[in-house]
Amino acid sequence: MDYPGYFLTMWEIVEFCRARGILCQGRGSAANSAVCYCLGITAIDPVRMGLLFERFISKERAEPPDIDLDIQHDRREEVIQHVYEKYGRDRAAMAANVIRYRSRSAVRDVGKALGLAETSLDRLAKFLSSYEDIHPETLKPLGLDPAAPMHGHLLRLASEIIDFPRHLSIHPGGFLLGRESVHDIVPIENAAMPGRTVIQWDKEDLEDLGLFKVDLLGLGSLTQLDCCLRLLKERRGIELAVSTIPPADPETFEMICRADTVGVFQIESRAQMAMLPRLRPQSFYDLVIEVSIVRPGPSTGGMVHPYLRRRSGKEPVEYPHPSLIPVLEKTLGVPLFQEQVMRLAVVAADYTPGEADQLRRDMAAWHRTGRMERHRERLISRMRQKGIAPEFAERVFQQIKGFGEYGFPESHAASFALIAYATAWLKCHYPAEFTCALLNAQPMGFYTPATVVQDAKRHGVVVRPVDVHNSAWDCILEMCSESAGGYAVRMGLRYVKGLAEGDWKQIEAARSALPFRSLSDFARRTGLDEGVLGVLAEAGAFDGFGLERRMALWEVRHLVRMRNEPLPLQVRGAGPTFPPLNSFEEVGWDYRSASHSPRRHPLEPLRSELRAQGLPDACTVSSMQNGAQVRYAGVIICRQRPGTAGGVVFMTLEDETGFVNVVLWERVFEEYAVLARTAKFLGVTGTLQVEQGVVHIVAEKLWRPQIDARVITAPSRDFH
């Protein structure tokens with residue numbers, strides 16, 4: 001096990017990041033290593049946390065360890081180029097990622113080869129979920145006949161190529177470093193991006209061959225943290241790091257227990273928000289459990305409800321044998337982490353730590369290989385020799401077997417919980433800085449900027465629209481006594497569709513020389529073309545000149561024409577008059593030009609009309625009693641169809657007062673498939689389910705709200 005060079009290589013990369021103020025943190029199984037902790041690669045003390053070193057490396061495993069390094073995503077390229085510069089492109093290359101056909105890409109490529117209309121293919125691809133099978137029934141709601149020969153060909157051929165390789169991409173973080181030239185070890189090629197070398201094999205191939213690999217991964221939440229901490233230093237003179245954020249803050253945990261976690265790393269999803277009021281984290285270790293318990297398969301392993309019942313005192317804490325108490329005590333007798341299962345095998349069945357790690361690997365692959373059965377006799381017989389009753393031994397084995405479905409490393413969860421707590425603390429105590437940093441770190445996270453803006457406003461943060469007099473490229477903070485924390489967030493010009501960073505540089509140069517006196521002055525000194533001036537006018541960026549948006553658009557066209565005249569003449573006379581935008585139109589223009597509105601939520605101007613139809617807002621729904629029949633209409637911001645949920649679809653709907661979560665059983669989803677998959681503004685009829693502060697509508701019917709105006713929203717983020 002000659003790995004000092006590996007540890008020192010990762011240390012050198014971390015030191016490079018620190019020297020240049022690039023936020024990074026090791027995670028994954030590396031957090032089990034005291035060496036990684038002492039070198040500053042990871043931030044979790046494995047001794048204090050009682051983590052298992054063999055989860056990271058063991059003699060029996062006989063392969064290199066794996067250290068994942070998360071780096072703030074906006075500066076990851078600096079680290080990549082440092083690795084190339086340090087080791088040379090002849091000794092460093094990035095692993096490839098084999099992109100395989102999924103339903104959407106298969107339909108698009110096969111349909112294109114068959115000569116089908118692109119509009120039909122686009123409609124069908126958007127209707128499909130990425131990982132679902134393509135069935136004949138899928139075509140019918142879209143007006144396509146599965147019995148037609150061409151459409152039958154499409155279904156058959158698209159289904160045949162599912163999971164076939166489509167093209168090579170670059171892996172998000174895998175780097176191969178060689179003692180000799182990498183082209184002598186693996187086939188390589190130049191990447192599309194300058195200055196990068198790519199291996200034509202994927203990460204799994206490299207691991208199977210035992211080649212020396214490091215993982216440098218971009219993480220948006222570290223970018224957000226870095227930006228937020230810089231804002232605190234610049235605006236308030238508060239100098240903080242992730243390690244010096246006050247621990248165990250009661251206000252922060254109270255906010256987390258309310259599931260008020262939009263923008264908080266790892267605990268902001270619909271599923272996490274549903275778990276938080278039930279688990280009610282009160283400590284850092286509770287957050288470690290929270291991060292790990294909401295995973296694709298905890299419910300299938302039968303671990304979630306026993307843990308919650310024991311935590312709330314509704315079920316006694318029991319252990320299969322006294323010897324297992326030290327292993328399972330901190331999770332109330334329910335194994336939640338991979339390290340616990342490994343320890344269980346060591347304590348109860350006399351496995352060596354290395355053999356226990358092999359058990360973990362066999363757990364993860366037991367469906368594919370059946371290797372778990374070879375452990376059955378050994379585990380059960382040795383547990384019986386220890387005095388564990390046969391029924392308990394069998395139960396432990398079944399727990400281990402079920403655990404293989406979803407096992408999550410405790411070390412990984414601890415690394416993530418550290419960032420989760422830090423972002424939650426910042427959201428709780430400095431909401432303006434938190435929001436500004438979150439918007440500047442986009443794209444990242446679970447929610448669109450539109451939802452982030454609305455959540456900030458509900459927390460008392462004033463969000464100001466783009467303005468050519470005051471906006472920068474990124475969002476900035478401005479003094480504001482009416483805003484929570486004394487600062488308002490000014491939206492950045494980066495959010496205006498059709499405006500490039502080069503256009504912003506022209507605006508910045510002209511504005512730094514002299515403030516703009518008028519729209520005419522702005523157009524003349526920036527030299528921007530009519531298209532860019534037009535999108536700024538539509539976004540309301542010229543409101544500071546006292547021009548309503550329609551009038552600004554008219555003026556832009558006039559000014560551009562006059563700018564091209566050799567001798568512009570002032571023509572005096574009455575110009576046209578335009579009716580001002582009403583509040584609903586204003587929001588529509590905001591969303592078309594910037595995909596969000598700092599002014600108001602799209603449903604706010606419609607509230608009186610919705611109320612007249614007996615449709616409550618989200619705040620009212622949350623106060624209703626369990627079992628109540630409810631009709632609700634909201635904007636869809638998220639759809640999820642987890643593979644482990646038995647066909648159940650989860651949606652999150654939003655209005656100006658908050659969120660409403662909707663559960664669609666498979667029967668309801670299929671009955672209203674077109675609406676469920678494509679609607680942006682949706683009506684739901686169903687029964688309210690309220691339990692431990694978690695509110696869901698169990699849908700019975702879906703419908704289109706009868707509203708005179710067309711509601712314009714940001715696209716939903718669909719994870720399915």
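The preceding data block contains the structure.
Novice: Would you explain the overall build of the chain in this entry?
Specialist: Secondary structure summary: the chain contains 32 helices and 16 strands in total. Put simply, of all contacts in the chain between residues at least 6 apart along the chain, 67% involve residues at least 24 apart. Total accessible area on the chain stands at roughly 31700 Å², and carbon and sulfur atoms take up 52% of it. If the 86 positive side-chain charges of the chain are averaged to one point and the 90 negative ones to another, these points end up 2 Å apart.

Novice: For this particular structure, what's the right way to read the pairing of strand S2 (residues 68-72)?
Specialist: Side chains on a regular strand alternate between the two faces of the sheet. The buried fraction of S2 amounts to five of the five residues, a majority that puts the element mostly inside the structure. Burial of the side chains of S2 extends over both faces: Asp-68, Asp-70 and Gln-72 are buried on one face and Leu-69 and Ile-71 on the other. The sheet contact formed by strand S1 (residues 24-27) and S2 spans four bridges and is antiparallel. The partner of Cys-24 across the bridge, within S2, is Ile-71. Two strands pair when backbone bridges link them, and S2 and strand S7 (residues 213-219) are joined in this way by five bridges, in the parallel orientation. Note on S7: the bridge partner recorded for Gln-72 is Leu-219.

Novice: Any chance you could explain the packing of helix H16 (residues 338-349) against helix H19 (residues 373-385) here in plain terms?
Specialist: When two helices pack together, their arrangement is given by the angle between their axes and by how far apart the axes lie. At a minimum axis distance of 8 Å, the contact between H16 and H19 shows a crossing angle of 50°. The orientation of H16 relative to H19 falls into the category oblique. Residues Ala-345, Ala-348 and Ala-349 of H16 lie in contact with H19, whose contacting residues are Leu-379, Arg-382 and Met-383. For the contact of H16 with H19, a count of residues per class yields five nonpolar, no polar and one charged.

Novice: What am I meant to see in unusual backbone geometry here?
Specialist: Residue Gln-442 is joined to Pro-443 through a cis peptide bond whose omega torsion reads 5°. Structurally, Pro-443 is set in the loop between helix H22 (431-440) and helix H23 (449-458).

Novice: Even after reading the chapter, I still don't get the environment of Leu-139, so can you show me in this structure?
Specialist: Position of Leu-139 relative to the elements: it lies in helix H7 (residues 136-139). Here the alpha-carbon distance between Leu-139 and Phe-127, two residues twelve residues apart in the chain, equals 9.4 Å. If sequence neighbours within four positions are ignored, Leu-139 has contacts with Leu-124, Leu-144, Pro-146, His-151 and Leu-155.

Novice: Honestly, the pattern of salt bridges in this entry has me stumped. Any pointers?
Specialist: Close approach of charged atoms allows side chains of opposite charge to pair. Applying the stated criterion across every chain, the model contains 40 salt bridges. Here Glu-15 makes a salt bridge to Arg-18, at a shortest N to O gap of 3.3 Å. Linking Glu-15 with Arg-18, this pair stays in helix H1 (residues 4-19), spanning three residues, or about one helical turn. Between Arg-108 and Asp-122 there is a salt bridge, with its nearest N and O atoms 3.2 Å apart. With Arg-108 in helix H5 (residues 103-114) and Asp-122 in helix H6 (residues 118-127), the pair connects residues that are 14 residues apart, well separated along the chain. On the accessibility criterion, Asp-122 (26% relative accessible area) is partly exposed. Through salt bridges with shared partners, a single network forms among Asp-543, Arg-549, Glu-586, Asp-590, Arg-599 and Arg-600.

Calculation rules
Residues numbered from 1 in each chain as written. Predicted model: local features only at pLDDT ≥ 70, side-chain atom pairs only at ≥ 80, totals over all residues. Heavy atoms only, no water. Helix = DSSP H or I, 4+ residues; strand = E, 2+ residues; numbered from the N terminus. Contact = heavy atoms within 4.5 Å. Areas by Shrake-Rupley, 256 points an atom, 1.4 Å probe, with all protein chains shown as cover. Lys, Arg positive; Asp, Glu negative; His and termini not counted. Charge placed at Lys NZ, Arg CZ, Asp CG, Glu CD. Buried < 20%, exposed > 50% of the residue type's maximum accessible area, 1.4 Å probe, protein only. Pairing = 2+ DSSP bridges. Axes fitted to C-alpha atoms, helices over the stretch in contact; angles between N-to-C directions. Parallel < 35°, antiparallel > 145°, perpendicular 65-115°, else oblique. Nonpolar A, V, L, I, M, F, W, Y, C, P; charged D, E, K, R; others polar. Salt bridge = Lys/Arg side-chain N within 4 Å of Asp/Glu carboxyl O.

It is worth stressing that arrangement in space is one thing and function is another; only the former is reported here.
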